[in-house]
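# Observations on chain architecture
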Amino acid sequence: MRRILLILTILITTCFNSVASGDDYYTKLVVEVDSYIDRISPSSKLDGKVIVDMCIKYDIDIMFVLAQGQIESHFGTAGTAKKTNSVFNVGAFDGRSSSTQINKGFGFTHPNESVEPYLILLTNNYLVNGMNTNKLMYNYVNKYGHRYASSRGYEQMLRCVYNSINKNTNIKQYQSLL
């Protein structure tokens, strides 16, 4: 009987130690997000940990956020974001200069600082009245019916980048295990 208990104890301990914990998946998720950002835009200063932590805090799909950051500014390395550090170009409008954007409070000292204001904007103005990130990829309008982007092909581009992230990373799997 003792021998059977000893064997069971060893088996249970071995199985328990081989199962990844939430912390392991969190670490893998951060590494995966950092790796994706680095692959797409090696000069980006955006930290994957900030993306992961803020998406967890606001319960928003990480791949959606990455797709939008990639489209809007190549993670802070292209366009107006080079001057404003606003990865998601919040406050940027066609014809608005980067200095006006900064003066209106949409300029940041580091790209990481632009993540939470973007997620707050999403949460308060877009992910309301039954909207979710999947629906936004087909009709990206806020609660007042105004489009996020002026480009009519924006949603198609967003879906394309999102699907590419899904196909080429394990981000969705790791986020679902947290």
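Keep in mind that what you see is a predicted model, and the values were worked out from it rather than measured. The written sequence of each chain sets the order in which its residues are numbered from 1. Note on the predicted model: pLDDT of at least 70 is required for a residue's local features to be given, and 80 or more for side-chain atom pairs to be given and counted; whole-chain, interface and lining totals, by contrast, use all residues. The side-chain values count all of the structure's non-hydrogen atoms but skip hydrogen atoms and water molecules.

### Topic: the overall build of the chain
The number of helices and strands found in the chain is 10 helices and zero strands. Going along the chain from the N terminus, every DSSP run of H or I of four or more residues is numbered as a helix, and every run of E of two or more is numbered as a strand. Its helices and strands taken in sequence order, the chain reads α-α-α-α-α-α-α-α-α-α from the N to the C terminus. Summary of the burial criterion: residues with accessible area below 20% of their type's maximum are buried, those above 50% are exposed, and those between are partly exposed, where the area comes from a 1.4 Å probe applied to protein chains only. The 178 residues of the chain split such that 37% are buried. The long-range fraction of contacts in the chain, counting pairs at least 24 apart against all pairs at least 6 apart in sequence, stands at 56%. When the accessible surface of the chain is summed, it comes to about 10200 Å², and 54% of that surface belongs to carbon and sulfur atoms. A contact between two residues is defined here by any heavy atoms of the two lying within 4.5 Å. Here, Shrake-Rupley sampling with a 1.4 Å probe gives the accessible areas, and only protein chains in the shown set may cover a residue.

### Section: the nonpolar core
The nonpolar side chains of soluble globular proteins are, as a tendency, buried together. Residues Ile51, Leu66, Tyr118 and Tyr140 are the most contacted members of the largest nonpolar core, which totals 39 residues. The set of elements that each furnish at least two residues to this core consists of α2 (22-40), α3 (48-58), α4 (62-73), α7 (115-126), α9 (154-168) and α10 (171-176). With sequence-adjacent residues up to four places away left out, Ile51 is seen in contact with Val33, Leu46, Ile62, Val65, Leu66, Phe88 and Val115. Among buried residues, those of type Ala, Val, Leu, Ile, Met, Phe, Trp, Tyr and Cys that are joined through side-chain atoms within 4.5 Å constitute a nonpolar core.

### With respect to the packing of aromatic side chains
What counts as a ring pair is set by centres within 6.5 Å for rings of Phe, Tyr and Trp (its six-membered ring), and what kind of pair is set by the plane angle: stacked under 30 degrees, edge-to-face over 60, tilted for all other angles. According to the stated counting rule, one finds nine aromatic pairs in the structure shown. Pairing Phe64 with Tyr140 gives two aromatic rings, centres 5.9 Å apart and planes at 40°, and the pair type is tilted. One end of the pair, Phe64, is in helix α4; the other, Tyr140, is in the loop between α8 (133-136) and α9, and 76 residues separate them in sequence. For the residue pair Phe64 and Tyr140, the accessibility class agrees, reading buried in each case. On the basis of an interplanar angle of 25° and a centroid distance of 4.7 Å, the ring pair of Tyr140 and Tyr148 is categorised as stacked. Across this residue pair, the class does not change: Tyr140 and Tyr148 are buried. Among the aromatic residues, ring-to-ring pairing joins Phe64, Tyr126, Tyr140, Tyr148 and Tyr154 into one connected group.

### A word on unusual backbone geometry
The backbone of Asp59 sits at a positive phi, close to 55°, despite the residue not being glycine. Along the chain, Asp59 turns up in the loop between α3 and α4. The exposed category is assigned to Asp59, whose relative accessible area is 71%. The phi angle at Asn129 is positive, at roughly 55°, despite the residue not being glycine. If you trace the backbone, Asn129 turns up in the loop between α7 and α8. Using a relative accessible area of 72% as the deciding quantity, one classes Asn129 as exposed.

### Considering α9
Structurally, the α-helix is built with 3.6 residues per turn, so residues lying three or four positions apart point the same way. A helix is expected to span 1.5 Å for every residue after the first. Helix length check: α9, at 15 residues, gives a terminal C-alpha distance of 21 Å against a target of 21 Å (1.5 Å per residue), a fit within 8%. Along α9, the residues classified as buried are Tyr154, Glu155, Leu158, Val161, Tyr162 and Ile165. Seen from one end, α9 has its buried residues packed into an arc of 130°, which puts them on one side. Across from the buried face of α9, at angles greater than 90 degrees, the exposed residues are Gln156, Cys160 and Lys167. Looking at the buried residues of α9, the elements they touch are α2, α4, α8 and α10. To be clear, the arc concerns the directions from the helix axis to the C-beta atoms.

### What about the environment of Cys55?
With respect to the helices and strands, Cys55 occurs in helix α3. For Cys55 and Leu119, which are 64 residues apart along the polypeptide, the C-alpha to C-alpha distance reads 7.7 Å. For Cys55, the contacting residues outside a window of four places in its chain are Ile60, Asp61, Ile62, Val65 and Leu119.

### A closer look at the packing of α2 against α4
Here, axes are lines fitted to C-alpha atoms. For helices the fit covers the stretch in contact, and angles between N-to-C directions go from 0 to 180 degrees. In the contact formed by α2 and α4, the axes pass within 12 Å of each other and the chain directions differ by 20°. Classified by the angle between their axes, α2 and α4 sit roughly parallel to one another. The handedness of the crossing between α2 and α4 is right-handed. Here α2 contributes Leu29, Val33, Tyr36, Ile37 and Ile40 to the contact with α4, which in turn contributes Ile62, Leu66 and Gln70. Angles are sorted into four bins: roughly parallel if under 35 degrees, roughly antiparallel if over 145, roughly perpendicular if 65 to 115, and oblique for all others. Take the far helix as your reference; a near helix turned counterclockwise from it by less than a right angle gives a left-handed crossing, and one turned clockwise gives a right-handed crossing.

Treat this as a map of the structure, not an account of what it does.
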